[in-house]
There are 2 protein chains.
Amino acid sequence: MPESDPRAVTKLPFWVDVAQRAEAAGFDGLFLGDVLTLQAGADKHLSDAMDPIVIMSALAAVTSRIGLIATASTSFDHPFHLARRFACLDHISGGRAGWNIVTSSNALEARNFGLDAMPDHAERYARAADAVDACLALWDSWDADAKIADQQSGQYLDPAKIRRVDHQGPYVRTAGPLNVPRPPKGRPVLAQAGSSEAGRAFAAARADIVFTVQSGLAEAQAFYRDMKARAVQAGRNPSELCIMPGIVPIAAATKDEAEARLAELNSFAVLDHLIAKGSEFLATDLSKLDLDAPLPRGLIDQAGNQASQSRVAVLVGIAEREKLTVRQLLARLASGRGHLLAVGTGAEIADVMEEWLDAGAADGFNVMCPVLPGDIQRFADYVMPVLRERGLTPS
Amino acid sequence: MPESDPRAVTKLPFWVDVAQRAEAAGFDGLFLGDVLTLQAGADKHLSDAMDPIVIMSALAAVTSRIGLIATASTSFDHPFHLARRFACLDHISGGRAGWNIVTSSNALEARNFGLDAMPDHAERYARAADAVDACLALWDSWDADAKIADQQSGQYLDPAKIRRVDHQGPYVRTAGPLNVPRPPKGRPVLAQAGSSEAGRAFAAARADIVFTVQSGLAEAQAFYRDMKARAVQAGRNPSELCIMPGIVPIAAATKDEAEARLAELNSFAVLDHLIAKGSEFLATDLSKLDLDAPLPRGLIDQAGNQASQSRVAVLVGIAEREKLTVRQLLARLASGRGHLLAVGTGAEIADVMEEWLDAGAADGFNVMCPVLPGDIQRFADYVMPVLRERGLTPS
């Protein structure tokens, strides 16, 4: 967009601006995704990605209230490092750390870490469960009052309140204890976004927040009910599992202005890039298809191991439900990546959010602003006052 | 010390205060060591350690000039993660990142990462060389002008200026390229502190800074000459390899006041803890020795794999040179950990530093303030003005 700084991603002032606007607007948290490779679009649309733990650590120093949720993969990092980094982020932020747990699915990521291919989906989730269980044990290896720090006696830590972990899982081992005190909130908030069978089971047992791609209300309600039922089956209070669909807001003073902003945004989409991105998402070479014909059937099975199964299902679902051609699906991908797209005034966007909250489709939203920081500020200016008026923002 | 906050280590304001005082004083860099386990002293003197990359990332946001040198081990982290994190720290700090490369030597660290014991010294250094070479290739996988970011054409990156790495080492493999642009300074500053044969060879070939434990001028000169000769042999300009012995400054307005501060500091040392710490450093159970007898011979050979060889050599060297009993050596360990101890007025401490610089024993110093932030401020107040007057500080 003309308003964007195309070099912003490596610059700290950009991230500080985003975080401080989000905090001032009253957002609960800032969430940063990740991928451990150059993102392959068409060649000239490769894109870079900063390490979320570095960015969030820096933002801890210049924010005071907002949650800081960093993505990290369980497939390439040892749980001792993961548990320690998130514990440290929780300490320096005063209990504001969150971990978005991913298993990575991209073959390019595997090759960056010396593997020839990603382990299959089931094995990735088995490893994730093992790694997170090890992290939970490490965070729990210190009692909250293990640090005595008594200057008179000279006693710093109480060894009786710090325990070895001796985690011996199928994938990872760690002796422990952690070398960092128990995090201020006991552990970071855990977020997860897998919507496959394995992903749902994992999230129902361990996550605080589930990020999910949902573009239709009925599907979102079904997902919500399924996840809450799984939480109950896992012996949890379902209110402990917070379901947060993504929403892509295009907010303006009038509906016409919002539509014009969406049209302007879409006008910058490059077909080559969309084809490459869609091909990556669906693990299918879309360039060989007739763009003006419907999406072929059977893509979910073709996608197999190397794609995010939930993303494939959502995109195929949108295409089938709305009877979209490949080209039309790519346009949807450009503006909303398959997420709920809400275009309009603050009241109109708040209506959609309220409908989903009331209908049992969401406990909250992952607000995915298409242009940063502009669309955060628009959300703050147009949508937040309406949500606040209606009592829909946290106190 | 009475002035200390014994709970400071997990609190961000403490680190910010240290960094801002050091920056204001004119230090070139801030260096944070690390160990990947609870530090085993006597049981009640266990100590915790925050992740240096988290701390340094936070400090990048609240400092503007000072270098940020974080320790990270090559034994438990993949080079893709290491290269990416330090590249990101370099970006967000505007080219101020440094990496103190360690191989880890403690068996407790190995067990936290699922190993039964540390690989032997030679293998650890072979892996370090492999990992650092992979990082150098990853940092070099982007040309400085690979990011075009042209809003008119829509071209973001130039794929012709970003290359695969295909590093296939004996220990680590990575395909690359890195998913972060070339760091502002090309790569972070590399520091290393190994003083064994393998450590010296490694540092001479790859490091910008060598941290070293030297308590005597003659030994320091010999080390300095040896390292510069090795740099030449490695085909480098010896001035590219900066030798920085540690110096522990106790600065005050008068010599008497400085001596009194040292005595007060030593009065808080706990014999049990010193014995445990000395036992860890020397990989020998000192509690079984006669504390008032000389240190037994042959300790270097006994220490073997699980200790830092350079630390053993320095401590044994001090004991032999100064004919210290075990108890006296432990007292030296308390106040200076074997490093050059400089106690006195600003001019007296500056004299020692100038002597070492002039005598070809140091290119600069790793100033190891015993009490933070107090001794940074004392160094700033008493020593820096004298160094500045003598033209010994960087411009």
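Residues numbered from 1 in each chain as written. Chains lettered and ligands numbered in written order. Predicted model: local features only at pLDDT ≥ 70, side-chain atom pairs only at ≥ 80, totals over all residues. Heavy atoms only, no water.

### As for the interface of chain A and chain B
Our working definition: Two residues qualify as a contact provided that any one of their heavy atoms is within 4.5 Å of a heavy atom in the partner residue. Buried area, as used here, totals the accessible surface that two parts lose on assembly, with accessibility defined by a 1.4 Å probe and the loss added over both. Salt bridges are identified by distance alone: a Lys or Arg side-chain nitrogen within 4 Å of an Asp or Glu carboxyl oxygen.
The partner chain B presents 69 residues to the 69 residues of chain A that form the contact. Both sides together, the interface formed by chain A and chain B hides about 5,900 Å², and carbon and sulfur atoms give 56% of it. Three residues, Arg84, Ile92 and Asn112 of chain A, lead the burial of chain A against chain B; their summed loss comes to 10% of the area buried on that side. Counting across the interface, chain A meets chain B through 10 salt bridges. One salt bridge connects lysine 147 of chain B with aspartate 48 of chain A, and the closest N-O pair in it is separated by 2.7 Å.

### Brief notes about the relation of the copies chain A and chain B
The test is simple: To line up the copies, we fit them by least squares on C-alpha atoms, keeping just the residues with pLDDT of at least 70 in both.
If you rotate chain A by 180 degrees and push it 0.0 Å along the axis, it lands on chain B with an RMSD of 0.0 Å. Both copies are brought into coincidence by an operation consistent with a two-fold rotation axis. Residue alanine 58 of chain A of chain A places its C-alpha closer to the rotation axis than any other residue of that unit, at 1.9 Å. When the interface residues of chain A are mapped onto chain B, 100% of them are again interface residues, pointing to one common binding face.

### Looking at the UniProt feature "binding site: FMN" (unreviewed entry) in chain A
Residue and element names in this part refer to chain A. Going by this rule: UniProt positions are given in the numbering used here, feature names are shortened, and annotations may be inferred rather than shown by experiment. Secondary structure elements follow DSSP: runs of H or I no shorter than four residues count as helices, runs of E no shorter than two count as strands, and numbering proceeds from the N terminus. Buried, partly exposed and exposed residues are distinguished by accessible area as a fraction of the type maximum, computed with a 1.4 Å probe on protein chains only: under 20%, between the cut-offs, and over 50%, respectively.
Per the UniProt entry, the sites bearing "binding site: FMN" (unreviewed entry) are Asp34, Thr71, His121, Tyr125, Ser195 and Ser196 in this numbering. Here tyrosine 125 is to be found in helix α5 (residues 121-139). Take tyrosine 125: its relative accessible area is 10%, and that puts it in the buried class. Not counting residues within four places of it along the chain, the set of residues in contact with tyrosine 125 comprises Thr103, Gln192, Gly194, Ser196, Ala198, Gly199 and Phe202. Position of serine 195 among the secondary structure elements: in the loop between β8 (189-192) and α6 (197-206). Judged by its relative accessible area of 15%, serine 195 is buried.

### Topic: the packing of helix α1 (residues 12-25) of chain B against helix α2 (residues 52-60) of chain B
Residue and element names in this part refer to chain B. This is how the line gets drawn: Interaxial angles span 0 to 180 degrees and are taken between N-to-C directions of axes, which are lines fitted to C-alpha atoms, for helices over the stretch in contact. Crossing handedness: left-handed means the near helix sits turned counterclockwise from the far one by under a right angle, and right-handed means the same turn made clockwise. Following the grouping adopted for this structure description, the nonpolar residues are Ala, Val, Leu, Ile, Met, Phe, Trp, Tyr, Cys and Pro, the charged ones are Asp, Glu, Lys and Arg, and the polar ones are all others, Gly among them.
Interaxial distance between α1 and α2 falls to 10 Å at its minimum, and their mutual angle equals 65 degrees. Relative to α2, the crossing made by α1 is right-handed. Of the residues in α2, those in contact with Leu12, Trp15, Val16 and Ala19 of α1 are Ile55, Ala58 and Leu59. Broken down by class, the residue content of the contact of α1 with α2 amounts to seven nonpolar, no polar and no charged.

### Observations regarding helix α8 (residues 255-267) of chain B
Residues and elements named next belong to chain B. Note the threshold: Helix span, as expected, comes to 1.5 Å for every residue beyond the first. By definition, the arc is the one covered by directions from the helix axis to the C-beta atoms.
If you check α8, its first and last C-alpha atoms are 18 Å apart, about what 13 residues at 1.5 Å a residue would give, namely 18 Å. Taken together, the buried positions of α8 are Ala258, Arg261, Leu262 and Leu265. Projected down its long axis, α8 carries its buried residues within an arc of 100 degrees, all on one side. For α8, the exposed residues lying more than 90 degrees away from the buried face are Asp256 and Ser267. Elements that come into contact with the buried residues of α8 comprise β10 (242-251), α12 (326-336), β11 (340-344) and α14 (374-389).

### Some words on helix α6 (residues 197-206) of chain B
An α-helical turn contains 3.6 residues, so any two residues separated by three or four positions project in the same direction. If you check which residues of α6 of chain B are buried, you get Gly199, Phe202, Ala203, Ala204 and Arg206 of chain B. Those residues of α6 of chain B that are buried are in contact with β3 (97-102), α5 (121-139), β8 (189-192), β9 (209-212) and α7 (217-233) of chain B.

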